[in-house]
Amino acid sequence: MIGRFNHVAIAVPDLEVAVAKYRDVLGAKVSPPQDEPDHGVTVVFIELPNTKVELLHPLGEKSPIQAFLDKNPGGGIHHVCYEVDDIYAARDRLQSQGARVLGSGDPKIGAHGNPVLFLHPKDFFGTLVELEQAHA
Ligand code: CO
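Let us look at the structure shown here. (Residues numbered from 1 in each chain as written. Predicted model: local features only at pLDDT ≥ 70, side-chain atom pairs only at ≥ 80, totals over all residues. Heavy atoms only, no water.)

This brings us to the pairing of strand β6 (residues 76–84). For β6, a buried count of seven out of nine residues is recorded, marking the element as mostly surrounded by other parts of the structure. Examined bridge by bridge, strand β1 (residues 5–11) and β6 share six bridges and lie antiparallel to one another. Counterpart to His-7 in the pairing with β6 is Cys-81. In terms of strand pairing, β6 meets strand β9 (residues 128–133) through six bridges, oriented parallel. Across the sheet, the residue bridging to Glu-83 is Glu-132, located in β9. (Buried < 20%, exposed > 50% of the residue type's maximum accessible area, 1.4 Å probe, protein only. Helix = DSSP H or I, 4+ residues; strand = E, 2+ residues; numbered from the N terminus. Pairing = 2+ DSSP bridges.)

Here's what the structure looks like:
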């Protein structure tokens with residue numbers, strides 16, 4: 001069911017430090033920071049030839065990233081994202097297999113303007129999984 005690997009997201013305590021490290025130490029192409037108020041994050045996209053890395057930093061008072069950073073003050077891998085062809089078919093299949101879809105269970109529009117869902121990390125070996133319908 002899952003298709004291409006879309007991105008890995010890394011929560012960082014200091015976005016400028018993280019951007020400088022990816023740009024200057026690793027020599028990566030980094031985007032300007034982009035605020036996503038609906039998701040409580042500021043995102044920097046790092047474009048690699050075969051995939052993307054997203055640096056996430058808390059935005060606003062009740063950012064889900066802040067709770068993650070409270071537990072992981074130095075930062076850490078926050079989630080991985082896999083592409084699916086049909087987000088509703090993916091959700092129905094996962095729920096029928098007993099996997100927990102976070103939130104209301106309805107897809108939200110993610111950082112790339114595409115519908116996304118998140119799956120409970122306890123059902124996937126301690127890793128928060130995002131599913132994205134990459135092509136409408
Ligand atoms: Co993501």
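Distances from the cobalt ion to its protein donors, namely His-7 (NE2), His-79 (NE2) and Glu-130 (OE), fall within the range 2.0 to 2.1 Å. Mapped onto the sequence, the residues coordinating the cobalt ion show the spacing H-x71-H-x50-E. Of the two residues, His-7 sits in strand β1 while Glu-130 sits in strand β9, which places them 123 residues apart along the sequence. The residues His-7 and Glu-130 share a single accessibility class, namely buried. (Donors = N, O, S within 2.8 Å, 3.2 Å for Na, K, Ca; no water.)

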